[in-house]
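Examining the three-dimensional arrangement
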Amino acid sequence: MKLVLLTALGVGGATLLGSIIGFLFKNITHKFSDIVLSFAAGVMLAAAIIGLILPSVEYGGSYGLTLAVSGIFIGALCLNVIDKLVPHAHSIIGADNEKHPDLAKVNKVMLFVLAIAIHNLPEGLAAGVGFGSGNNGEALLIAGGIALQNIPEGMVIIGPMLAAGISPAKTFVCALITGLIEVAGTLLGYFAVSFSTAILPFALAFAGGTMLYVISDEMIPETHAHGSQRGATYALLVGFCIMLIFDTLLG
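Bringing the overall build of the chain into the picture now. For the chain, the count of helices and strands is nine helices and zero strands. For the chain, the succession of helices and strands along the chain, N to C, is α-α-α-α-α-α-α-α-α. Within the chain, the fraction of its 251 residues that count as buried is 47%. The contacts of the chain with a sequence gap of at least 6 include a subset with a gap of at least 24, amounting to 87%. Of the roughly 11600 Å² of accessible surface on the chain, 72% is carried by carbon and sulfur atoms.

Looking now at the environment of alanine 143. Looking at the element boundaries, alanine 143 is found in helix α6 (residues 136–163). Not counting the four nearest positions on each side in its chain, alanine 143 is found in contact with Thr7, Val11 and Ala127.

Further remarks concern the confidence of the model for the chain. Residues of the chain with pLDDT of at least 70 account for 82%, and the chain-wide mean is 79. The low-confidence segment residues 90–105 (pLDDT under 50) makes 26 contacts with residues lying over four places distant or belonging to another chain.

Turning our eyes to something else, we now look at the side chain of threonine 186. Tracing the backbone through its elements, the reader meets threonine 186 in helix α7 (residues 168–195). For threonine 186, a relative accessible area of 0% translates into the label buried. Sequence-distant contacts of threonine 186, that is, excluding residues within four places in its chain, are made with Val4, Ala8, Val11, Gly124, Leu125, Ala127 and Gly128.

Taking 1.5 Å of rise per residue, 23 residues should cover 33 Å, and helix α1 (residues 2–24) covers 32 Å from first to last C-alpha, within 8% of that figure. Most pronounced at glycine 13, the bend in α1 amounts to some 30 degrees.

This part is about the packing of helix α2 (residues 30–59) against helix α8 (residues 200–223). Packing of α2 against α8 brings their axes to within 8 Å, and their N-to-C directions diverge by 160 degrees. Regarding the angle of α2 to α8, the classification is roughly antiparallel. In this structure, α2 crosses over α8, and the sense of that crossing is left-handed. The residue makeup of the contact of α2 with α8, split by class, is 20 nonpolar, five polar and two charged.

A few words on the nonpolar core. Residues Leu52, Ala126, Val129, Ile146, Met211, Met219 and Met243 are the most contacted members of the largest nonpolar core, which totals 32 residues. Contributions of two or more residues to this core are made by α2, α3 (64–85), α5 (106–132), α6, α8 and α9 (229–250). Sort the elements by how many residues they give to this core and α2 lands first, with 10 residues. Not counting chain neighbours up to four residues away, the residues in contact with isoleucine 146 comprise Val11, Met44, Glu123, Ala126, Ala127, Glu182 and Met211.

What counts and how
- Residues numbered from 1 in each chain as written.
- Predicted model: local features only at pLDDT ≥ 70, side-chain atom pairs only at ≥ 80, totals over all residues.
- Heavy atoms only, no water.
- Helix = DSSP H or I, 4+ residues; strand = E, 2+ residues; numbered from the N terminus.
- Buried < 20%, exposed > 50% of the residue type's maximum accessible area, 1.4 Å probe, protein only.
- Contact = heavy atoms within 4.5 Å.
- Areas by Shrake-Rupley, 256 points an atom, 1.4 Å probe, with all protein chains shown as cover.
- pLDDT = per-residue confidence, 0-100.
- Expected span 1.5 Å × (residues − 1).
- Bend = angle between axes of the 7 residues up to and from the residue.
- Axes fitted to C-alpha atoms, helices over the stretch in contact; angles between N-to-C directions.
- Parallel < 35°, antiparallel > 145°, perpendicular 65-115°, else oblique.
- Left-handed = near helix turned anticlockwise from the far one by under 90°.
- Nonpolar A, V, L, I, M, F, W, Y, C, P; charged D, E, K, R; others polar.
- Core = buried A, V, L, I, M, F, W, Y, C linked by side-chain atoms within 4.5 Å.

This is the structure in structure tokens:
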């Protein structure tokens, strides 16, 4: 339990670390953020497949493949429904003050926090569910991949919020809240599979499906939108291969 708690704090704290970097370097170029975010997408892609989806098939026994496929699609569909109800996070992250002059309003700030939170919660769930398999090595790799993704996310949200007129204190609180939501998601995922190991195969696939959705719907389009798509593609491949190497060496 201590390891899970420390991991939850690490995953959530990565967003906070990224936001601090964002405060220090307010004018981060799109090219740099795209490369870093693509690398993180590759790490998350490997974590979703190796650490969540393949174990789901293994632990599900004779129903493993059915549970895995259904879990992936249900996880993706859940995020799809939420995305229909709440504006996309990347549409606000990439915004500037001229396109969104009303971003400084309190209700827009809360909407912004909610948009980020809808992706942080399932990522936290994925980190927590990973520990339910009993393989702490793979669980830490999953959590590490998610934490790595949270750093550039925390970096790129700071500039637009400050440019929109939001005070540094409120901007920091917003970043803190998004990190805490991920901590809560990690603990929730862990306790859910701890109470009932029967749901573990489906829960692993569900978490994997949410991660695949975020990578495909949010991360890849965002990193290919500013003219750095070639570098972003190779950064994703590097991230994926590094995770593959780590999993092989630690396995």
